[in-house]
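Understanding the architecture of this molecule
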Amino acid sequence: MSAERLQCITCSREYDIMEVRYTCDCGGLLSIERTGLVDRDAFDDRLTSRADIDRSGVWRFREGVLNIDKVVTHPEGATRLYRRNGLLFKHEGENPTGSFKDRGMTVAVTQAVRVKATAVACASTGNTSASLAAYAAQAGLKAIVFVPSGKISSGKLAQTLAYGATCLQVRGDFDAAMRLVREACDRLGIYLVNSINPFRIEGQKTIIWELLQDLGWEAPDWIVVPAGNLGNTSAFGKALREAHANGWIARMPRLASIQAHGANPFFRSYQGSFETRHRIAAETIASAIRIGDPVSHDKAVSAIRETLGVVEEVTDDEIMSAKREIDGMGIGCEPASAATLAGVKKLRAAGVMKEGEQIVCVLTGHILKDPEANYRAEKVVEIDPTIEAVERVLV
Ligand SMILES: [Zn+2]
């Protein structure tokens, strides 16, 4: 065993880091664990470095992500933190392909190269496929993406095809595409890079670590995240657990995972104290979180429990109203990201989030990811090319 190993979250069985597997023989999810403490001082020193590996907001933290020198990095991360209306917004839509997925993908594709895979695949609502396609192109790997037919935005599909991936539109929803890609990878020897792949989670942890670093390692009171397949909720819980165990932060922030009402299996489970795992047919305007059977459920339950977190649901109307507000701040995001602000409003109204608490919303995708959700023809005024026509509208 190397210092880094795969470990089952259910039965604790360990596997070598170089073994290609996504679940334990017992069926449990795998997590990457390491022995020994990691010091945070090197992370701060690297902020002034000009090397790609240090400029990456993922690999800057490599001792806690994947301890390897040869990486496939764009570089990614190093996203901005915006202060608006008393809230903080960490905009993961500023990653190279326009979503937080690049954080996990740089690690998963690095590992794919390390285990000498020749092809990589994922099921996706769109952002993962775009990210996979970009990183596979950089690494020279064949990329295959499984997307639910007619259910992903034109922006994300166009992006995936432009980077050169083979795109399979599955007649069914995301959950059907997810089941199919797992079977295809097993049978055809393709390397699977969905968030069930524990290397993805290691990369996504750095959203939180970079945020903590941005805040001078002073933890906020709340971190709010959209919740679909629950990869981020899981990764954020692991990031906070490790940051606390390594002594990088003195106290744990609380996580708030926000689901869309029409895609709320995790919220339902939370309401029943996580005694039952729900699987539903999902429907919401927020396509990035339109998922009824989240693969990272078990890890996400631990994340909510360990951070004294909460799970909330919001309607599509609440999401779109929050999106207009975020767009109106000059920041902008895709609909799923706006579930965060909608969730904050609801949790404040319920007294769960209190006046004076520091709250960080993680925006997961760029405003241009879902053009159909932005464009409103009635807001565009068509005029003749004369100054009189301009005056009629403006004066
Ligand atoms: Zn196990």
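Below: a short report on this structure. (Residues numbered from 1 in each chain as written. Predicted model: local features only at pLDDT ≥ 70, side-chain atom pairs only at ≥ 80, totals over all residues. Heavy atoms only, no water.)

1. Thoughts on the overall build of the protein chain
Cut-off, in case you're wondering: The way it works is that DSSP assigns letters per residue, a run of H or I at least four long becomes a helix, a run of E at least two long becomes a strand, and they are numbered from the N terminus. Here the radius of gyration uses the C-alpha set of atoms, whereas the globule reference equals 2.2 Å times the residue count to the power 0.38. Each residue's exposure class comes from its accessible area (1.4 Å probe, protein chains only) as a fraction of the maximum for that residue type: buried when under 20%, exposed when over 50%, partly exposed otherwise. Whether two residues are in contact is decided by their heavy atoms, any of which lying within 4.5 Å being enough. Only the protein chains shown count as cover for residues, and all accessible areas are computed by the Shrake-Rupley method using a 1.4 Å probe. Counting rule for charge: Lys and Arg are taken as positive, Asp and Glu as negative, and neither His nor the chain ends is counted. In plain terms, the charge of a residue is placed at NZ if it is Lys, CZ if Arg, CG if Asp and CD if Glu.
Helix and strand counts for the protein chain stand at 13 helices and 13 strands. Radius of gyration (C-alpha) of the protein chain: 21 Å, near the 21 Å computed for a compact globule of 395 residues. With respect to the three principal axes, the spread of C-alpha positions in the protein chain is 75 × 50 × 50 Å. Counting the 395 residues in the protein chain, one finds 58% classified as buried. Sequence-distant contacts in the protein chain: of pairs separated by 6 or more residues, those separated by 24 or more amount to 67%. Per element, the accessible surface of the protein chain, about 16300 Å² overall, is 49% carbon and sulfur. Of the charged side chains in the protein chain, 48 are positive and 50 negative; the average position of the first set lies 3 Å away from that of the second.

2. Section: the pattern of salt bridges
Under the convention used in this document: Any Lys or Arg side-chain nitrogen found within 4 Å of a carboxyl oxygen on Asp or Glu counts as a salt bridge.
On inspection of all chains with the given rule, the structure shows 29 salt bridges. Where Arg5 meets Glu14, a salt bridge forms, and the shortest distance between an N and an O atom there is 3.0 Å. Among the residues examined, Arg5 registers a relative accessible area of 13% and is labelled buried. Of the residues examined, Glu14 reaches a relative accessible area of 34% and is grouped as partly exposed. Two residues, Glu242 and Lys205, come together in a salt bridge whose shortest N-O distance is 2.6 Å. In this pair, Glu242 is assigned in helix α8 (residues 231-245) and Lys205 in helix α7 (residues 198-214), connecting sequence segments 37 residues apart. Since its relative accessible area comes to 0%, Lys205 is described here as buried. Among the charged side chains, a salt-bridge network with shared partners connects Glu4, Arg34, Glu202, Lys205, Lys238 and Glu242.

3. With respect to the coordination of the zinc ion
How we decide: The rule for donors is simple: N, O or S, within 2.8 Å of the metal, or within 3.2 Å if the metal is Na, K or Ca. Water isn't counted, so a site may look like it is missing partners.
Note on the zinc ion: its protein donors are Cys8 (SG), Cys11 (SG), Cys24 (SG) and Cys26 (SG). The metal-donor distances range over 2.3 Å. Binding-site remark: the zinc ion is held by donors from one chain whose sequence spacing is C-x2-C-x12-C-x1-C. Within this pair, whereas Cys11 is found in the loop between β1 (4-8) and β2 (14-16), its partner Cys26 is found in the loop between β2 and β3 (30-34), the two being separated by 15 residues in sequence. Residue classification places Cys11 among the partly exposed positions, given a relative accessible area of 41%.

4. A few points about the sheet that holds β3
Heads up, the condition is: Should DSSP find at least two bridges between two strands, the strands are regarded as paired. Here the axes come from fitting lines to C-alpha atoms, over the contacting stretch only for helices, and the angles between their N-to-C directions go from 0 to 180 degrees.
Spatially, the 3 strands line up as an open sheet ordered β2-β1-β3, and their pairing is antiparallel. In this open sheet, the two strands that pair with only one neighbour each are β2 and β3. Put simply, the sheet's adjacent strands are angled 40° from each other on average, direction ignored. By the bridge criterion, 3 bridges tie β1 to β2 in an arrangement that is antiparallel. Looking across to β2, one finds that Arg5 is bridged to Asp16. Packing of α7 onto the sheet brings it into contact with β1 and β3, and relative to β3 it is tilted by some 60°.

5. Side note on the pairing of strand β13 (residues 359-363)
Looking along a regular strand, one sees side chains alternate from face to face of the sheet. For β13, the buried fraction is high: 5 of the 5 residues fall into the buried class. Pairing of strand β5 (residues 87-91) with β13, which is carried by 4 bridges, proceeds in the parallel orientation. Within β13, the residue paired with Leu88 across the bridge is Val360. In this structure, strand β10 (residues 222-226) lies alongside β13, joined through 3 bridges in parallel fashion. Paired with Trp222 across the bridge in β13 is Ile359.

6. Some points on the packing of α7 against α8
The test is simple: Here roughly perpendicular refers to angles of 65 to 115 degrees, roughly parallel to angles under 35, roughly antiparallel to angles over 145, and oblique to all remaining angles. When the near helix sits turned anticlockwise from the far one by under a right angle, the crossing is termed left-handed; a clockwise turn instead gives a right-handed crossing. Under the grouping applied here, Gly and all other residues not named as nonpolar or charged are polar, the nonpolar ones being Ala, Val, Leu, Ile, Met, Phe, Trp, Tyr, Cys and Pro and the charged ones Asp, Glu, Lys and Arg.
Here α7 crosses α8 at 60°, and the two axes come no closer than 8 Å. With respect to their mutual orientation, α7 and α8 come out oblique. The chirality of how α7 crosses α8 is right-handed. Where α7 approaches α8, its residues Ile201, Glu202, Gln204, Lys205, Ile207, Ile208, Trp209 and Leu212 are matched on the opposing element by Gly231, Asn232, Ser234, Ala235, Phe236, Lys238, Ala239, Leu240, Glu242 and Ala243. Looking at the contact of α7 with α8 residue by residue, the classes come out as 10 nonpolar, 4 polar and 4 charged.

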